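Chain by chain, the residues:
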Amino acid sequence: VNVDPTNITLMHLRKEHVNQVNRLLCTFVYPNIDVTEAVDIPDHTLIAVYNQHLVIGVAIMDPESMYLAHFMVRPGWEQGGLGKRMLSALITNAPRSRDITLHCSVTNPAMLLYNQFGFKPEQFVSNHYCRYYRLAKESKECRSMVAGYS
């Protein structure tokens, strides 16, 4: 999608965006995600909103563990630098004394972005996603993940 970046606003998660964020994450990440409680931790949430109504990116970090639980850019919007902008804002606002942790599929293109920000692979976990999802043997979905830290 080729859009004017001035029409994209980064903000903390608000109640009026929760349903849209839940649908986005449930559609493209995994079913039954509910981020309603994240409204109570605004300093650890970030959404990207296009034209003041369409959520095109979401980042939610657990404030206690500094684990990046959700981070995604809506498909079709990935190449405009939005992920880089969001991750930069999250890292800038995080306490300097704490490492940010995350995990991601070994085939996720976001691994390149994470590497640019200094995240280093810490652990490879084979068949990690099989614990949480029913993946058919013929599925092309990646079954393994890398845990990393900042």
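Bear in mind that the values here come from a model prediction, so they are computed numbers and not experimental data.

Q: Just to check I follow, could you spell out the pairing of strand 3 (residues 54-61) for this structure?
A: Regular strands place their side chains on alternate faces of the sheet. Within strand 3, 7 of the 8 residues are buried, leaving the element largely enclosed by the surrounding structure. Across 6 bridges, strand 2 (residues 45-50) lies against strand 3 in antiparallel orientation. Considered in strand 3, the bridge of T45 is made with I60. Taking the residues that link successive antiparallel strands as the turn, the strand 2-strand 3 hairpin has 3 residues, and the phi of N51 there is positive, at about 50°. When strand 3 meets strand 4 (residues 68-73), the two strands line up antiparallel, connected through 5 bridges. Opposite I60, over in strand 4, you have H70 as the bridge partner.

Q: What should I look at first to understand helix 2 (residues 82-93) in this one?
A: An α-helical segment advances 3.6 residues per turn. Residues three or four places apart therefore align on the same side. Compared with an ideal rise of 1.5 Å per residue, which puts 12 residues at 16 Å, helix 2 spans 17 Å between its outermost C-alpha atoms and is within 8% of the ideal. The complete set of buried residues in helix 2 reads L82, G83, M86, L87, L90 and I91. Along the axis of helix 2, the buried positions cluster into a sector of 160°, meaning they face one direction only. Considering only its buried residues, helix 2 is in contact with strand 1 (8-11), strand 2, strand 3, strand 4 and helix 3 (110-116).

Q: I'm lost on the pattern of salt bridges in this one. Help?
A: Side chains carrying opposite charge are able to pair once their charged atoms draw close together. For the coordinates displayed, the defined rule picks out 1 salt bridge. Measuring nitrogen to oxygen at the nearest pair gives 3.9 Å for the salt bridge that ties R14 to E16. For R14, a relative accessible area of 42% translates into the label partly exposed. Assessed through its relative accessible area of 57%, E16 is described here as exposed.

Here is what the cut-offs are and how they apply
Residues numbered from 1 in each chain as written. Predicted model: local features only at pLDDT ≥ 70, side-chain atom pairs only at ≥ 80, totals over all residues. Heavy atoms only, no water. Buried < 20%, exposed > 50% of the residue type's maximum accessible area, 1.4 Å probe, protein only. Helix = DSSP H or I, 4+ residues; strand = E, 2+ residues; numbered from the N terminus. Pairing = 2+ DSSP bridges. Expected span 1.5 Å × (residues − 1). Arc of directions from axis to C-beta. Contact = heavy atoms within 4.5 Å. Salt bridge = Lys/Arg side-chain N within 4 Å of Asp/Glu carboxyl O.

Note that all results are geometric; they support no functional claim without further evidence.
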